[in-house]
Structures are given as structure tokens and as C-alpha cells.
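What follows is the residue order along each chain.
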Amino acid sequence: MNLNLNYCNGVTLICFAAFQPGSGKSTLSNVMFDHFSNLGLSVLIIRADSFRNDSNGKKAFEEQVMENTLSKKYKIIIYDKNIPNMRGYEVLENLIKKTIKKSRGRVAINCVPIVPGSFTEDDADLCIQRVMNREDGVQALTGSTTFADYESVEEFTKNVFSYNCISFVPVAQDLKNAIVLTDYSYSNPIPGQEQLKTFL
């Protein structure tokens, strides 16, 4: 499908389904931001990582998504958060329903999931290596991040994201309005980034 920016004169909310940390989700967000900005469209990226150090980060992130959607200042909002499984997608669906309810039906929201064409264990390992190579201090998962229930970042990422994403890919590809990036490669993301532009 192609992105329908004229959807009910509402807000298009773009998300990423079955992308684990290190998969290039934030880079794709930047590609879309530049593309839409160059077209003169109002676009906002809301990054979950920006709330990583907030004690109430999940709630603060969702409030930002809701407030900016209700404001109608932006035609496009990019929901830059990992969605590894259907439960994660349902969290977003519930947030959309709550936002529409709060607006009393005055805001229409068109949710568009971006989904990889495939995702394998080798892809997952490559993504984990990218996470491990990140410099400390960035607002993202890094090799020095610690967890109460996991011994390492690799164990956390595989158990929370990798196995879930691998199973979720075929389901996510069938989500309503899904844009499937068949050209997206984790070793060379450029062709997938160019393919994405053809849908926008």
C-alpha cells in the first residue's frame, strides 16, 4: 500500500513492527522525517529512548504521543518505539483508541506499521552487535546497560526482542495498512531506505 496522507484530514501515525534494537528503526525514522519535511509537511518523531531515564518513562512517552496527536499540529507522527510482538502492537492500538475517545471523535488517526520483509537469527545477532558497539551515553540501549533480571544485554535482547520479532514478522506483515520493506537488509539498509521512500 501507499501512505495515504489525506486520511480524513487526520493524523498519520507511523510505527515499526518486528524491529528489534539495533535494526535501524531510528535511522528509518530520520529518513521519513527528512522526506516529509522536504515536502513541507508537519512531522514529529517521538522517541521512546528519550524517556529511558524517566522513572515514569512509559507513561510519559504515551502522554507525549497522545498530546501531540490531539494538538493537530502534526500531519505525521513517527512512533519510534520497538514493537516486538502482537501484545506491543495492541498497546499502541489501545493508546490510539484512548486518544480518539479523549478527542470525542474529532481526531482521526491512520496507523501505518513499517515491517521488515524478513528477520532471521543472523539478523538478530547483527542487530545485537550494533547495540554492543554503541557509545555509552547515547539515549538508547547500549552494551553497558544493566538489567535486574538478565545477565547481559545480549540475553535481554534475545529474550525480550529477537525471538518475539522473528515470530511476529509474518503476523505484522498482515496488519492493516502495513508497509513491508522486502528490500530491507540489516547488513546493508540503504536499499530498504530507498524502497521506503517509494511508499511515501
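Details of the structure are given in the entry above.
Since we're looking at a predicted model, the values are computed, not measured. (Residues numbered from 1 in each chain as written. Predicted model: local features only at pLDDT ≥ 70, side-chain atom pairs only at ≥ 80, totals over all residues. Heavy atoms only, no water.)

A.B. asks: Give me the overall build of the protein chain: which residues, what numbers.
C.D. replies: Assigned secondary structure in the protein chain consists of six helices and five strands. Counting helices and strands in the order they occur from the N terminus, the protein chain gives β-α-β-α-β-α-β-α-α-β-α. A burial count over the protein chain gives 46% of its 200 residues as buried. The contacts in the protein chain between residues at least 6 apart in sequence include a share of 72% that link residues at least 24 apart. Carbon and sulfur atoms form 45% of the exposed surface of the protein chain, whose accessible area is close to 10200 Å². (Helix = DSSP H or I, 4+ residues; strand = E, 2+ residues; numbered from the N terminus. Buried < 20%, exposed > 50% of the residue type's maximum accessible area, 1.4 Å probe, protein only. Contact = heavy atoms within 4.5 Å. Areas by Shrake-Rupley, 256 points an atom, 1.4 Å probe, with all protein chains shown as cover.)

A.B. asks: Explain the sheet that holds strand 3 (residues 76-83) to me, using residue names and the numbers behind them.
C.D. replies: With respect to topology, five strands assemble into an open sheet ordered 2-3-1-4-5, the strand pairing being parallel. Single-partner strands in this sheet number two, and they are strand 2 (43-47) and strand 5 (179-181). Each strand of the sheet is rotated relative to its neighbour by a mean of 20°, with strand direction disregarded. The sheet contact formed by strand 2 and strand 3 spans five bridges and is parallel. Along strand 3, the bridge assignment pairs V43 with I76. Sitting on the sheet, helix 6 (residues 190-199) is in contact with strand 4 (109-116) and strand 5, with an inclination near 155° to strand 5. (Pairing = 2+ DSSP bridges. Axes fitted to C-alpha atoms, helices over the stretch in contact; angles between N-to-C directions.)

A.B. asks: How would you sum up the packing of helix 4 (residues 121-133) against helix 5 (residues 153-172)? Please name residues and give values.
C.D. replies: Helix packing geometry: the angle between the two helix axes and the distance between the axes. The N-to-C vectors of helix 4 and helix 5 enclose an angle of 140°; their axes lie 10 Å apart at closest approach. For the element pair helix 4 and helix 5, the recorded crossing hand is right-handed. Side by side, helix 4 and helix 5 meet where E121, A124, D125, I128, V131 and M132 of the first sit next to V153, E154, T157, K158, S162 and I166 of the second. Its residues placed into classes, the contact of helix 4 with helix 5 shows six nonpolar, two polar and four charged. (Left-handed = near helix turned anticlockwise from the far one by under 90°. Nonpolar A, V, L, I, M, F, W, Y, C, P; charged D, E, K, R; others polar.)

A.B. asks: So what's going on with the packing of aromatic side chains? Which residues, and what values?
C.D. replies: Evaluation of the coordinates by the stated rule reveals seven aromatic pairs. Judged by centre distance (5.2 Å) and plane angle (55°), the rings of F61 and Y79 are tilted. Pair noted here: F61 is in helix 2 (residues 57-71) and Y79 is in strand 3, with a separation of 18 residues, a long-range link. Take F61: its relative accessible area is 3%, and that puts it in the buried class. (Phe/Tyr/Trp six-rings, centres within 6.5 Å; stacked < 30°, edge-to-face > 60°.)

A.B. asks: Describe in detail the side chain of D123, supporting the description with residues and values.
C.D. replies: For D123, the location among the structural elements is in helix 4. Here D123 sits buried without a salt bridge, and the closest side chain of opposite charge, R130, lies 8.4 Å off (N-O distance). Not counting chain neighbours up to four residues away, the residues in contact with D123 comprise S118 and Y186. (Lys, Arg positive; Asp, Glu negative; His and termini not counted. Salt bridge = Lys/Arg side-chain N within 4 Å of Asp/Glu carboxyl O.)

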